[in-house]
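Close look at the chain arrangement
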Amino acid sequence: KVSPSLELSVHVLTQGYWPTYPPVELKLPGEILELQEIFSTYYMSKHNGRRLQWHPCLGHCTLKANFPLGKKEISVSLLQTIVLLLFNDGDGLSYAHVLQATGIEDRELKVTL
């Protein structure tokens, strides 16, 4: 079940009006995948015959974090979100672990960090 603290907002654009982007493979967190599947099911039920192509490199998130000196909201890219969420499960993660856990390409991960 999706956490009620998660929200998803999607912008569906026609390919003819949007630049082409190469597909990117990465490991999205389960919560994000579940929201993505819920939206895909809804969209396909309303628009038979269309297809959705997700571009995670274009995504952005607003994260709400609790720090010792108070709560903060952080606006970051989806790739940065995936990396930051890894730290919910532990501190001091190695670069190799982050690379493996996210599936982000080495060059892109360096830019993301």
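Above: the structure in question.
Figured I'd write up the structure that's included with this text. (Residues numbered from 1 in each chain as written. Predicted model: local features only at pLDDT ≥ 70, side-chain atom pairs only at ≥ 80, totals over all residues. Heavy atoms only, no water.)

Another aspect to go through is the pairing of strand S2 (residues 70-77). The pairing of strand S1 (residues 60-67) with S2 spans 8 bridges and is antiparallel. Bridge pairing in S2 links Lys64 to Glu73. Connecting S1 to the antiparallel partner S2 that follows it, the hairpin turn spans 2 residues. (Pairing = 2+ DSSP bridges. Helix = DSSP H or I, 4+ residues; strand = E, 2+ residues; numbered from the N terminus.)

Moving on, we come to the environment of Leu86. Looking at the secondary structure, you find Leu86 in helix H2 (residues 78-86). Residue classification places Leu86 among the buried residues on the basis of a relative accessible area of 18%. Taking the C-alpha atoms as reference, Leu86 lies 9.6 Å from His97; in sequence the two are 11 residues apart. If we skip the residues at most four places from it in the chain, Leu86 touches Leu93, Val98, Ala101 and Thr102. (Buried < 20%, exposed > 50% of the residue type's maximum accessible area, 1.4 Å probe, protein only. Contact = heavy atoms within 4.5 Å.)

What follows covers the packing of aromatic side chains. Enumeration according to the criterion identifies 3 aromatic pairs in this entry. Relative to Tyr42, the ring of Phe39 lies with its centre 6.3 Å away and its plane at 50 degrees, an arrangement referred to as tilted. With a gap of 3 residues between them, Phe39 and Tyr42 both fall in helix H1 (residues 30-46), about one helical turn apart. Ring geometry for Phe39 versus Trp54: centroids 6.0 Å apart, planes at 80 degrees, classification edge-to-face. Here the residue Phe39 occupies a position in helix H1, and Trp54 occupies one in the loop between H1 and S1, the gap between them amounting to 15 residues. What makes Trp54 partly exposed here is its relative accessible area of 31%. Three or more aromatic residues joined by ring pairs form one cluster here, namely Phe39, Tyr42, Tyr43 and Trp54. (Phe/Tyr/Trp six-rings, centres within 6.5 Å; stacked < 30°, edge-to-face > 60°.)

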